[in-house]
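Chain by chain, the residues:
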Amino acid sequence: MTARARPTREELLALLDTVKDPEVPVVSVVELGVVRDVAVEGDEIVVTITPTYSGCPAMREIEDEIVRALQAEGHAPVRVRTVFAPAWTTDWIGPAAREKLRAYGIAPPGMAPSADDDLVPLRRRRETVRCPYCDSPDTTLRSEFGSTACKSIRFCDACRQPFEQFKAI
Amino acid sequence: MIDEALRPHLVEFLLRHGDDRLVLGHRLAEWCGHGPALEEDIALANCALDFTGQANLMLGLAGSVEGKGRDQDALAYFRDEREFRNVQLVELPRGDFGVTMVRQLLFDAYDVLFLEALQRSAYEDLAGIAAKAYKEARYHLRHSAEWVVMLGDGTGESHERAQRALDELWRYGPELFDMDEGDRALASAGIVPDLAPLEPRWRERVEEVFARATLAVPTGGFRAKGGRRGVHTEHLGHLLAEMQIVARSHPGASW
């Protein structure tokens, strides 16, 4: 590894923005809010990440990808630090990344639930979710659980297509 | 940093709550490939993954607070039945779908209250894990509460099975709120919540769901306890045999 000038935080973030979520490869771990910070501490680069879900099986791979992406550009050593607070929320996913999700066929998340009245069945506010294929608002929730922890399954009653939505937490 | 006098109590607390999640996660994972519908199969496996992930975090923290070189895998796979500290509720066989969902409701309703309070722990690492898990507990509860209403207020068959499940499981619920001297010492230090005030709130919530589900809450009867001290039903040993066999047959293996 050749020695380099101290990289700026912006340079490092731009590099990390090339690391995609292994399960949703159109958005980066920076856009998802999994990367919380990156800093140069001594001669080490420390990347702070937070897991999306307690049992997310992609976290190990994300860590490895982060180290690989930085080392490929000559930045080493790299340390990945995991923090749990503040807990990850889909509210951190910005408008550009939401549009990328939609174009990929995954409906973006609504606002994360805040009050606890959604815990009582029948008293819940039902949000309108548009179909990522035909843009119809005429869709229904099939299951809060999908192919990965972060997605739910919906069905579009207009174009008769099942689709996934990034679930709001 | 943790007061040395509190350290063993905190390890015990983390084992208790980590074991609840490890054992419940295993019971839910038993449904994988056996769910009543594809969506449910996926839902139960998703919940199992959340609980196993939470167990991984809590047992990992237990090992590091303990400081004796045991990591989460050592704690999950190389302790015997009497060393497990989970409540008996979570170790009971998965039964039919009605038993699984009534048990989930009893646990999830507790878990939302427990984790909500645990997020305010003065011990930062624990508060962080709780804040993460709290978000998961909320959609777990939405899922189980909806199913209990559907099953209870469903067909004659589903109602009868859900009622039978509730009659069987109800006495295992209150153990979730048991505390001992160690817990009280931790609670005084602001590290863990006092569980006593949560029990009436839990009862109110689950009773509301059972009322909507047209299910009758049993009265009287004995109150199961002992899991927190390592006293278990006959079922835990069988579960551990299955869960631990690979790790014990091939110690040190990695993949």
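Note that this is a predicted model, so its numbers are computed, not measured.

It is worth spelling out the overall build of chain B at this point. A count of helical and extended segments in chain B gives 10 helices and 0 strands. Starting at the N terminus and walking to the C terminus, you meet the elements of chain B as α-α-α-α-α-α-α-α-α-α. The C-alpha radius of gyration computed for chain B amounts to 18 Å, which stays within 12% of the reference 18 Å derived for 255 residues, consistent with globular compactness. Counting only C-alpha atoms, chain B reaches 55 × 45 × 30 Å along its principal axes. Sequence-distant contacts in chain B: of pairs separated by 6 or more residues, those separated by 24 or more amount to 77%.

Let us now look at the overall build of chain A. If you tally the helices and strands in chain A, you get 3 helices and 7 strands. Secondary structure elements of chain A, listed N to C terminal, follow the sequence α-β-β-α-β-α-β-β-β-β. Each principal axis of the C-alpha atoms in chain A carries an extent, and together these give about 60 × 30 × 25 Å. By the burial criterion, 34% of the 169 residues in chain A qualify as buried.

A word on helix α9 (residues 198-212) of chain B. Residue and element names in this part refer to chain B. Over its 15 residues, α9 extends 22 Å from the first C-alpha to the last, a length consistent with the 21 Å expected when each residue adds 1.5 Å. The complete set of buried residues in α9 reads Trp202, Arg205, Val206, Val209 and Phe210. Looking straight down α9, one finds its buried side chains confined to an arc of 135°; they lie on one side. More than 90 degrees from the buried face of α9, the exposed residues found are Pro200 and Glu204. Packed against the buried residues of α9 are α5 (97-118), α6 (124-152) and α7 (156-169). Where α9 ends, the next residue or the one after it, Thr214, has phi of about 55°, a positive value.

Let's shift gears to the interface of chain A and chain B. Of the residues lining the interface, 22 residues belong to chain A; the matching set on chain B comes to 30 residues. Considered class by class, the residues forming the side of chain A that touches chain B number 15 nonpolar, 4 polar and 3 charged.

With that settled, the discussion passes to the sheet that holds strand β2 (residues 44-49) of chain A. Residue and element names in this part refer to chain A. The sheet built from 3 strands is open, its strands ordered β1-β2-β3 with mixed pairing. Two strands in the sheet have a free side with no partner beyond their single neighbour: β1 (35-41) and β3 (78-82). When the angles between neighbouring strand axes are averaged without regard to direction, this sheet yields 20°. Across 5 bridges, the pairing between β2 and β3 is parallel. Looking at the pairing, Ile49 lines up with Thr82 of β3. Taken strand by strand, helix α1 (residues 9-16) contacts β1 and β2, and its axis lies near 135° from that of β1. Each of β2 and β3 is contacted by helix α2 (residues 59-72), which is oriented at about 150° to β3, the strand it contacts most.

Formed by 109 residues in total, the largest nonpolar core has its most connected members in Val102, Leu105, Leu106 and Val148 of chain B. Shared between two domains, this core holds at least three residues of each, these being domain 1 (9-82) and domain 2 (95-166) of chain A. Here Leu105 of chain B is in contact with Ser144, Ala145, Val148, Val206 and Val209 of chain B, once residues within four sequence places are set aside.

Let's shift gears to the confidence of the model for chain A. Summarising the model, chain A shows a mean pLDDT of 89, and 91% of its residues fall at 70 or more. When pLDDT is averaged over each element of chain A, helix α3 (residues 95-103) of chain A comes out on top at 96 and strand β5 (residues 139-143) of chain A at the bottom at 92.

Another point: the packing of α5 of chain B against α7 of chain B. Residue and element names in this part refer to chain B. With their axes 8 Å apart at the nearest point, α5 and α7 run at an angle of 50° to one another. The orientation of α5 relative to α7 falls into the category oblique. The hand of the α5/α7 crossing is right-handed. For the pair formed by α5 and α7, the contact residues are Gly98, Val99, Val102, Arg103 and Leu106 on the first element and Ser158, Arg161, Ala162, Ala165, Leu166 and Leu169 on the second.

Residues and elements named next belong to chain A. The omega angle of the peptide bond from Ala76 to Pro77 is -5°, so this bond is cis rather than trans. Topologically, Pro77 is positioned in the loop between α2 and β3. For the bond running from Ala85 to Pro86, omega is -5°, close enough to zero to count as cis. Within the secondary structure, Pro86 sits in the loop between β3 and α3.

The subject of this paragraph is the confidence of the model for chain B. For chain B, the mean per-residue pLDDT works out to 96, and 100% of the residues sit at or above 70. For this predicted complex, the interface confidence reaches an ipTM of 0.86, while the overall pTM sits at 0.93.

Looking now at the sheet that holds strand β6 (residues 151-156) of chain A. Residues and elements named next belong to chain A. Read from one edge to the other, the open sheet built from 4 strands follows the order β4-β7-β6-β5, with strand pairing classed as mixed. The outermost strands of the open sheet, each flanked by one partner alone, are β4 (106-107) and β5. In terms of strand pairing, β6 meets strand β7 (residues 161-166) through 6 bridges, oriented antiparallel. Its bridge partner being in β7, Arg154 is matched across the sheet by Phe163.

Definitions and cut-offs
- Residues numbered from 1 in each chain as written.
- Chains lettered and ligands numbered in written order.
- Predicted model: local features only at pLDDT ≥ 70, side-chain atom pairs only at ≥ 80, totals over all residues.
- Helix = DSSP H or I, 4+ residues; strand = E, 2+ residues; numbered from the N terminus.
- Rg over C-alpha atoms; globule rule 2.2 N^0.38 Å.
- Contact = placed C-beta atoms within 7 Å.
- Buried ≥ 20, exposed ≤ 12 C-beta atoms within 10 Å, placed from the backbone.
- Expected span 1.5 Å × (residues − 1).
- Arc of directions from axis to C-beta.
- Nonpolar A, V, L, I, M, F, W, Y, C, P; charged D, E, K, R; others polar.
- Pairing = 2+ DSSP bridges.
- Axes fitted to C-alpha atoms, helices over the stretch in contact; angles between N-to-C directions.
- Core = buried A, V, L, I, M, F, W, Y, C linked by C-beta atoms within 7 Å.
- Domains from an automatic or database assignment.
- pLDDT = per-residue confidence, 0-100.
- Parallel < 35°, antiparallel > 145°, perpendicular 65-115°, else oblique.
- Left-handed = near helix turned anticlockwise from the far one by under 90°.

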